[in-house]
Amino acid sequence: MKNQEQNQSTRVRKKKFHMAISIGISAGILWGLMSLVMYYLQFTDVGPSIFAKPFLNPDYDLKWQGHFVGVGFFIFYALIAAFLYAKFLAKYKSPWVGIAYGLALWAFVFIVLNPLLNLTKPLKELGWNTNSVMFSLFILIGLFIGYSLSAEFNNQEE
């Protein structure tokens, strides 16, 4: 009996792991490309290349190649964000947890990492449009990851 419970527990963990991969990649593709579209439509001055800036050649920073590499890094970071959410927050059923997670991700990128890695101009210099678009984007990322994973994990338990 105990061995059967361990096997079921292992299956649930593997399924959660695979679901986190699926949601993370989907979130990265969807919202990374949305970031690219918002940049090219000039809703924001910050393109997806900022997510790869520490690894990019400065010549490609603002070119289309840099932005597509940035989308690739965005997918990787969304995957990490999905794993973290799955590990620590998926037990909560409220969409507000996902929104708060998105706010935390935004704060981490623009308040913590930006000054350390010089990803873009300081937050005060970015302007209202850029700040509001990026703030909204990160809220949507957190909501997408959070609500998708919470709904899936809580439906599995029932």
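See the structure above.
Novice: Let's hear about the overall build of the protein: which residues, and what values?
Specialist: Within the protein, the regular secondary structure consists of four helices and zero strands. Its helices and strands taken in sequence order, the protein reads α-α-α-α from the N to the C terminus. For the protein, the C-alpha atoms occupy an extent of roughly 60 × 30 × 30 Å along the three principal directions. A burial count over the protein gives 38% of its 158 residues as buried. The long-range share in the protein, meaning contacts at least 24 apart out of those at least 6 apart in sequence, stands at 70%. A total of about 9,600 Å² of accessible surface is found on the protein, and carbon and sulfur atoms cover 66% of it. The centroid of the 13 positive side-chain charges in the protein is displaced by 9 Å from the centroid of its 8 negative side-chain charges.

Novice: So what's going on with the packing of aromatic side chains? Residues and values would help.
Specialist: Under the definition given, this model contains 13 aromatic pairs. A ring pair is formed by Trp-31 and Phe-144, whose centres lie 6.4 Å apart and whose planes are at 75°; its orientation type is edge-to-face. On the criterion of sequence distance, the pair formed by Trp-31 in helix H1 (residues 2–40) and Phe-144 in helix H4 (residues 128–157) is long-range, its members being 113 residues apart. On the basis of an interplanar angle of 65° and a centroid distance of 5.1 Å, the ring pair of Tyr-85 and Tyr-101 is categorised as edge-to-face. Of the two residues, Tyr-85 is situated in helix H2 (residues 64–88) and Tyr-101 in helix H3 (residues 95–117); the sequence distance between them amounts to 16 residues. Here Tyr-85 and Tyr-101 have matching classes, each one buried. Taken together, the aromatic side chains of Phe-51, Phe-74, Trp-106, Phe-110, Phe-135 and Phe-138 make up a single cluster linked through ring pairs.

Novice: Quick one: what's the story with unusual backbone geometry, residue by residue and with numbers?
Specialist: Residues other than glycine seldom take positive phi values, yet Gln-42 does so here, at roughly 65°. Taking relative accessible area as the criterion, Gln-42 reaches 67% and is therefore assigned exposed. In the Ramachandran plot, Asn-118 falls in the positive-phi region, its phi being about 55° despite a non-glycine side chain. For Asn-118, the location among the structural elements is in the loop between H3 and H4. For Asn-118, a relative accessible area of 53% translates into the label exposed.

Novice: Which residues make up the environment of Ala-107, and what values go with them?
Specialist: Mapped onto the elements of the fold, Ala-107 is located in helix H3. Considering only alpha carbons, one finds Ala-107 and Phe-138, 31 residues apart in sequence, at a separation of 9.3 Å.

Rules and cut-offs
Residues numbered from 1 in each chain as written. Predicted model: local features only at pLDDT ≥ 70, side-chain atom pairs only at ≥ 80, totals over all residues. Heavy atoms only, no water. Helix = DSSP H or I, 4+ residues; strand = E, 2+ residues; numbered from the N terminus. Buried < 20%, exposed > 50% of the residue type's maximum accessible area, 1.4 Å probe, protein only. Contact = heavy atoms within 4.5 Å. Areas by Shrake-Rupley, 256 points an atom, 1.4 Å probe, with all protein chains shown as cover. Lys, Arg positive; Asp, Glu negative; His and termini not counted. Charge placed at Lys NZ, Arg CZ, Asp CG, Glu CD. Phe/Tyr/Trp six-rings, centres within 6.5 Å; stacked < 30°, edge-to-face > 60°.

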